[in-house]
Amino acid sequence: MTDMRSIPGPIVEAMEVGIPAAKAFRVYSDTSIPELAEATQLEAGRICMIEAGVSPTLSEADAIGRALDMPTALLVEEF
């Protein structure tokens, strides 16, 4: 399990009410879906699916984690 103490409070609070980690980090970082799509080389529709709770592949999780400066484990483990 990821150590949540290093995650900013607003992100943790969003995740605690059920917002998927990718969306919580993206909103906190003020990054739009098109900006994240460009940074990750993923399609915007795929990012929307991941933000809706669909599990990303490991390579997708890695790309999103790097782009949003977030622990990749949060994208592949249950919170």
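Quick notes on the rules
Residues numbered from 1 in each chain as written. Predicted model: local features only at pLDDT ≥ 70, side-chain atom pairs only at ≥ 80, totals over all residues. Heavy atoms only, no water. Core = buried A, V, L, I, M, F, W, Y, C linked by side-chain atoms within 4.5 Å. Buried < 20%, exposed > 50% of the residue type's maximum accessible area, 1.4 Å probe, protein only. Helix = DSSP H or I, 4+ residues; strand = E, 2+ residues; numbered from the N terminus. Contact = heavy atoms within 4.5 Å. Salt bridge = Lys/Arg side-chain N within 4 Å of Asp/Glu carboxyl O.

K.L.:
Describe the nonpolar core, with residues and values.
P.N.:
Within the largest apolar cluster, 21 residues are counted, with the highest numbers of intra-cluster contacts made by Phe25, Ile64, Met70 and Leu74. Of all elements in the fold, only α1 (9–16), α2 (21–28), α3 (33–40), α4 (44–51), α5 (58–68) and α6 (73–76) reach the threshold of two or more residues within this core. Once residues within four sequence positions are removed from consideration, Phe25 is found in contact with Ile7, Ile11, Leu68, Asp69, Met70, Pro71 and Leu74.

K.L.:
How would you explain the pattern of salt bridges if you had to name every residue and give the values?
P.N.:
The final tally for this structure, using the stated rule, is three salt bridges. Measuring nitrogen to oxygen at the nearest pair gives 2.4 Å for the salt bridge that ties Arg26 to Glu51. Of the two residues, Arg26 is situated in helix α2 and Glu51 in helix α4; the sequence distance between them amounts to 25 residues. Judged by relative accessible area, which is 8%, Glu51 ranks as buried. The residue Asp62 makes a salt bridge to Arg66 at a minimum N-O spacing of 2.2 Å. Placement of both Asp62 and Arg66 in helix α5 is noted, with a separation of four residues, approximately one turn of the helix.

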